[in-house]
Amino acid sequence: MEDAKVQAMRAHQLHQLKKEAIVYYQSNGVPLKMEDALNQMFRDRPDCVFGYLSNYFAQLALPPVLSGVRCHKSFDARGWETLAAEVTCRHRNEDRVAGRSRASLQVTVGEHDKPEEREREAQELRHHVEAALTLVNEGPLKQFAEQGFDPRDQRVIDEFLLMQLQAEEDRVKAELQRELDEAGAASGAEGSGADENASPQHQPAAAAGGKAGGSAKKRGGGKGGKEIVTVPDEPREGLFPGCLALSCLSAACAAAGASAAGVPLYRHLRQQLLADESDKDCADKDWRLPLPMLTILSGGKASPGKSNCVKEYMIVPRPGLPFDRVLRDSVAVYQQVAKTLSVKGGPAARFTNDAGALNTVIDRPEAGFDLINDALKALELTDSFDLAANIAGHELFDYEKGKYDLAQGAQKSPDETADFLDDLSAKQASLVALIDPLRRVERDAWLRLCQKASQRCLIVGDATQHRPGRLLAELQQMEAEEAETEQPPAEEGTQQQQQQQQPLLTSAWVARLQQRNTVTELFDCAKRMRSSGQVVVVAVGPSDNGDTTIVDLAAAMGARYLKLGAPVRAERIDKLQRLAEIGEELRAADLLSQWEQLSPPLVRPRGSETPEGEQQPPQQQQPASEHQPSTTKSRKGSSTASKA
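Analysis parameters
- Residues numbered from 1 in each chain as written.
- Predicted model: local features only at pLDDT ≥ 70, side-chain atom pairs only at ≥ 80, totals over all residues.
- Heavy atoms only, no water.
- Salt bridge = Lys/Arg side-chain N within 4 Å of Asp/Glu carboxyl O.
- Helix = DSSP H or I, 4+ residues; strand = E, 2+ residues; numbered from the N terminus.
- Buried < 20%, exposed > 50% of the residue type's maximum accessible area, 1.4 Å probe, protein only.
- Phe/Tyr/Trp six-rings, centres within 6.5 Å; stacked < 30°, edge-to-face > 60°.
- Lys NZ or Arg CZ within 6 Å of the ring centre and 35° of its normal.
- Pairing = 2+ DSSP bridges.
- Axes fitted to C-alpha atoms, helices over the stretch in contact; angles between N-to-C directions.

(A) Molecular detail of the pattern of salt bridges. Overall, the coordinates contain 30 salt bridges when judged by the stated rule. With a shortest N-O distance of 2.9 Å, lysine 311 and glutamate 395 are connected by a salt bridge. In this pair, lysine 311 sits in the loop between strand S6 (291-298) and strand S7 (312-317) while glutamate 395 sits in helix H10 (residues 393-396), placing the two residues 84 residues apart along the sequence. On the basis of relative accessible area, glutamate 395 is assigned to the buried category, the value being 16%.

So this is what it looks like as structure tokens:
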């Protein structure tokens, strides 16, 4: 009797389970999909039956969602600690690592700086890495993986990351301010009987070496007894400790999104961040890959020679050179220059710096160009490469004397330096770019150089420009101020301060994925720069690593140039090889186009008129140097860089 009751109970439970199973499968359309899959498979008769079924049902799976994030320490090519991120996605009921990235550190101290300054920055960067680990693994940035974001929504993810970081920064600032207020109240209570007119015991310390902050300093002793006015550098932006996680997570999520979409990273980024919302296919209609800027020789103050005025002597392949030849010919030029130096100075002449560039004795600024030109001539590559020079003017300035230290015993004022660089660029017919020729604060001398040389070569802002997020905010503020037509003119001192806060006039802009930058901000800023007639350059930081994400980013962004460093060592050769791989994929799909010959635009201040006898070009929606055909190599095009 007991057995019969147990069996009846089990039969009833089984019947209920069958009914629930029928409802569950029917509500999810499983029987119909199974029937359709079996019918299609029978018609197709595949060799691998279960593989066919797997592919069929994979198309019906729910889209992947972000499910986890983890950061850990890694090391860059110089052995410095940096940040690495892993993003996990849940797809087909499994959690898998879908995207990885390694951060590039923002290094501001050069090789010529004192060892204690380099050590101070190294400690600061280590602090940023530790803070980033805490923010991601234990802090608020860990929460973004719990939101169930689709990894393909790059803009949504970046906006959320920025919002979370800003909220954490505001919270920390509020706590610090509260502690300061409490400390001030306590000290005020203790010293309530003190003389109110007594001078303060602590004054703000001046910036080290007069390099940042403070006010202009006047010194005598110039030629003819003229007073030298030294304009201090703009204070460095105070970055929130741990903001390094922002760029690292943004790049890792981009890689996860490409994996989820099943397309290469460069195509995913362009479809998400550049394509017209009404036509997603328009992103594949016009592909131009960046031309690599490759450093051959290293100069500057770290060089053992007398000349300081050029930090990097670079070569740039001309448009039309196949990408499989770019790597081969660039390495050949590097080796030819190294061979020449070895013959003249022995093995010691082939010493290199952290970026792999040959660090040899250069006594004249033209000597570096001569070495490269001789190598190009010997290899019969004169028609294949142009030249570029990174001046790094902010590293050449002598704050005690208020002049640029261009060579041993040759110091020049900002205006004299602008004239000197104009003459130097005029002597090199194939020079296409001058990077950071002066300090950001030397606005008059900068404009003087632009008006003289910007039609011969690009005047590029790298260290002289603010990070993309801040630059976008400055452009929006400038446009808002221009819209207020009835605003009364400011006083002279206020006008100068406002000019210093405005974006610097350049003909090319350098983008870096570092610190508090997101992939979305870089793309948005690049679109703004191109719309104002500027050329976009993507650069690898001095803290390089083996991550090739920056190459896909540059290709997707439509950058004209990719500044990499020397064509040696794995971390840079891998990037050149990745560039060649992308070129081959696009060529096979018949999507690859070539850049037109460069026609640098004339840089003028906003609101200036076209000189008499010179035709003003029509208002450009896209820069002529990047998207409009040019039939000659003449550099007489003119454009007003009114936005940036």
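(B) Main features of the packing of aromatic side chains. Counted according to the given criterion, the structure contains seven aromatic pairs. Ring plane angle 75 degrees and centroid distance 4.9 Å describe the contact between tyrosine 313 and phenylalanine 369, whose orientation is recorded as edge-to-face. In this pair, tyrosine 313 sits in strand S7 while phenylalanine 369 sits in helix H9 (residues 365-378), placing the two residues 56 residues apart along the sequence. Seen in terms of ring centroids, phenylalanine 397 and tyrosine 399 are 5.0 Å apart; in terms of plane orientation they differ by 80 degrees. Their pairing is edge-to-face. Of the two residues, phenylalanine 397 and tyrosine 399, neither departs from the other in class, the shared state being buried. Linked through ring pairs, Phe397, Tyr399 and Tyr404 together constitute an aromatic cluster. Cation over ring: arginine 45 sits above phenylalanine 42, and NZ or CZ is 4.0 Å from the ring centre. For the cation-ring pair, arginine 270 lies above tryptophan 287, with the distance from its terminal atom to the ring centre recorded as 3.9 Å.

(C) Representation of the sheet that holds strand S1 (residues 65-75). Reading across from one edge, S1-S2-S3 is the order of the three strands in this open sheet, with antiparallel pairing throughout. Every interior strand has two partners, whereas the edge strands, S1 and strand S3 (94-102), have only one. Averaged over all adjacent pairs, the angle separating strand axes in this sheet is 25 degrees, with direction ignored. Looking at chain direction, strand S2 (residues 81-91) and S3 are connected through eight bridges and run antiparallel. Counterpart to alanine 85 in the pairing with S3 is serine 101.

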